[in-house]
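# Chain and residue survey
Letter by letter, the chains look like this.
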Amino acid sequence: MSSHSFLQIRELSKRYGGAPKPVFEGINVDIERGEFVCIIGHSGCGKTTILNILSGLDSASGGNVVMDGREVSGPSLDRGVVFQGHALMPWLTVAANIAFAVKSRWPDWSRERIQQHGQKYIDLVRLTGNESKKPSELSGGMKQRVGIARAFAIQPKMLLLDEPFGALDALTRGTIQDELLSICSQTQQTVFMITHDVDEAILLADKIMLMSSNTSTGPAARIAEVVVNTLPKTRTRADIHHHPQFYKIRNHLVDFLVNRSSAPTVMNSIGGIGYPPEIFPGLTSEEDSSDKSQKPSLKKIK
Ligand SMILES: Nc1ncnc2c1ncn2[C@@H]1O[C@H](COP(=O)(O)OP(=O)(O)OP(=O)(O)O)[C@@H](O)[C@H]1O
Ligand SMILES: [Mg+2]
């Protein structure tokens, strides 16, 4: 682990008052500037709670988060959040919800500049023509797109996305995924994103954090592994499935979710020095010996 990473999460834990055990503990993550990190894990393991702590909207019970050299201790416009439940202001129109955020970010901007800037992002998420509608007049997917436009519009140092595409139809989802990839490669945007969609994670993420499950009787959840995406950066939705590495990574993720996320062997071995390990699916000796010649012993313990 580098002591100079853009975002450092150290020994993070969260216990809600009165609960017998923490939701998660011992979370250690490093994210470099410009890196796109996804987190995957079963419902209830604590993904949203981690994201809320990163945003400064919730506080940890233990450990800390440092972003760009400063400890996160409250909300900031340095971090743009797309919430799982939209979190729009119901009394404001689509345009005004976005303008409100843009004005907070750049208080000196003229009304016209704020409007023009906001419109760019309304167009980006294909909401053109809906500027004057209130959230109550929008579908779930449209509300989600307003939230995405608002987070992108403030051009934050870090984007925090909580299942941002969950309520979108396949066409819009694909278009916005492509846009997100293009924005990230143009602006070196750093992103922390929660998703349940393994294909989406493989398309977008440089690293995929796998979180163990949180059962009422077992240990608290942790990051069990960090899967490094070994597909070329130039991957697209159209060609990703043709790459031989794709299914090796996909199978590894699905296997974790289905078989290993709460298996006693995983739960008992995680935590302590060397965790989470970085895994390169298909390129590690125990998973595919035929690939050994490409890149030997790439399973690294940090
Ligand atoms: N305010 C709260 N008080 C008590 N417990 C809470 C509170 N908020 C969340 N929890 C508990 O913390 C755990 C983690 O919740 P969280 O929302 O972070 O899960 P998640 O991984 O995002 O799940 P999902 O995939 O369903 O969104 C859950 O067991 C939940 O019941
Ligand atoms: Mg959640």
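This one's a predicted model, so the numbers in the text were calculated from it and none came from an experiment.

Bringing the overall build of the chain into the picture now. The secondary structure content of the chain amounts to eight helices and eleven strands. Out of the 302 residues in the chain, the part that is buried amounts to 39%.

A few words on the packing of helix H3 (residues 111–124) against helix H4 (residues 140–153). At a minimum axis distance of 9 Å, the contact between H3 and H4 shows a crossing angle of 135 degrees. Classified by the interaxial angle, the pair formed by H3 and H4 is oblique. Between H3 and H4 lies a crossing whose hand is right-handed. When H3 is examined against H4, the residues His117, Gly118, Tyr121, Ile122 and Leu124 are found in contact with a partner set consisting of Ala149, Phe152 and Ala153. Its residues assigned to classes, the contact of H3 with H4 shows six nonpolar, two polar and no charged.

Moving on, we come to the sheet that holds strand S5 (residues 70–71). The four strands are arranged S2-S1-S4-S5 in an open sheet whose pairing can be described as antiparallel. Sheet topology places strand S2 (24–31) and S5 at the edges, where each strand pairs with a single neighbour. Set on the sheet, helix H1 (residues 47–55) makes contact with strand S1 (7–14), S2 and strand S4 (62–67); between it and S1 the angle comes to about 125 degrees.

A few words now on the sheet that holds strand S3 (residues 36–40). Here seven strands make up an open sheet; going across it, the order is S6-S7-S8-S3-S9-S10-S11 and the pairing mixed. Pairing within the sheet leaves two strands with one partner each, and these edge strands are strand S6 (79–82) and strand S11 (278–279). Both strand S7 (residues 158–162) and strand S8 (residues 190–194) contribute to a ladder of five bridges, which runs parallel. The partner of Leu161 across the bridge, within S8, is Met193. Together, S3, strand S9 (207–211) and strand S10 (223–228) form the strand contacts of helix H7 (residues 244–260), whose direction differs from that of S10 by roughly 170 degrees.

With that settled, consider the environment of Arg111. Among the secondary structure elements, Arg111 is positioned in helix H3. The sequence separation of Arg111 and Ala99 amounts to twelve residues, and the corresponding C-alpha distance is 8.7 Å.

Turning our eyes to something else, we now look at the site of ligand 1. With respect to spatial proximity, the complete set of residues near ligand 1 consists of Tyr16, Val23, Gly41, Ser43, Gly44, Cys45, Gly46, Lys47, Thr48, Thr49 and Gln84. Among the residues forming the shell around ligand 1, the class breakdown is three nonpolar, seven polar and one charged.

As a further point, take helix H5 (residues 170–187). Spanning 18 residues, H5 covers 25 Å between terminal C-alpha atoms, matching the ideal 26 Å at 1.5 Å per step. Restricting attention to buried positions, one finds in H5 the residues Ile176, Gln177 and Leu180. In an axial view of H5, the angular spread of the buried residues amounts to 110 degrees, which keeps them on one side of the axis. Summarising the geometry of H5, the exposed residues directed more than 90 degrees from the buried face are Leu171, Ser182 and Gln186. Lining the buried residues of H5 we find H4 and helix H6 (198–204). Just past H5, the residue Gln188 takes up positive phi, approximately 55 degrees.

Each value, and the rule that gives it
- Residues numbered from 1 in each chain as written.
- Chains lettered and ligands numbered in written order.
- Predicted model: local features only at pLDDT ≥ 70, side-chain atom pairs only at ≥ 80, totals over all residues.
- Helix = DSSP H or I, 4+ residues; strand = E, 2+ residues; numbered from the N terminus.
- Buried ≥ 20, exposed ≤ 12 C-beta atoms within 10 Å, placed from the backbone.
- Axes fitted to C-alpha atoms, helices over the stretch in contact; angles between N-to-C directions.
- Parallel < 35°, antiparallel > 145°, perpendicular 65-115°, else oblique.
- Left-handed = near helix turned anticlockwise from the far one by under 90°.
- Contact = placed C-beta atoms within 7 Å.
- Nonpolar A, V, L, I, M, F, W, Y, C, P; charged D, E, K, R; others polar.
- Pairing = 2+ DSSP bridges.
- Near = placed C-beta within 6 Å.
- Expected span 1.5 Å × (residues − 1).
- Arc of directions from axis to C-beta.

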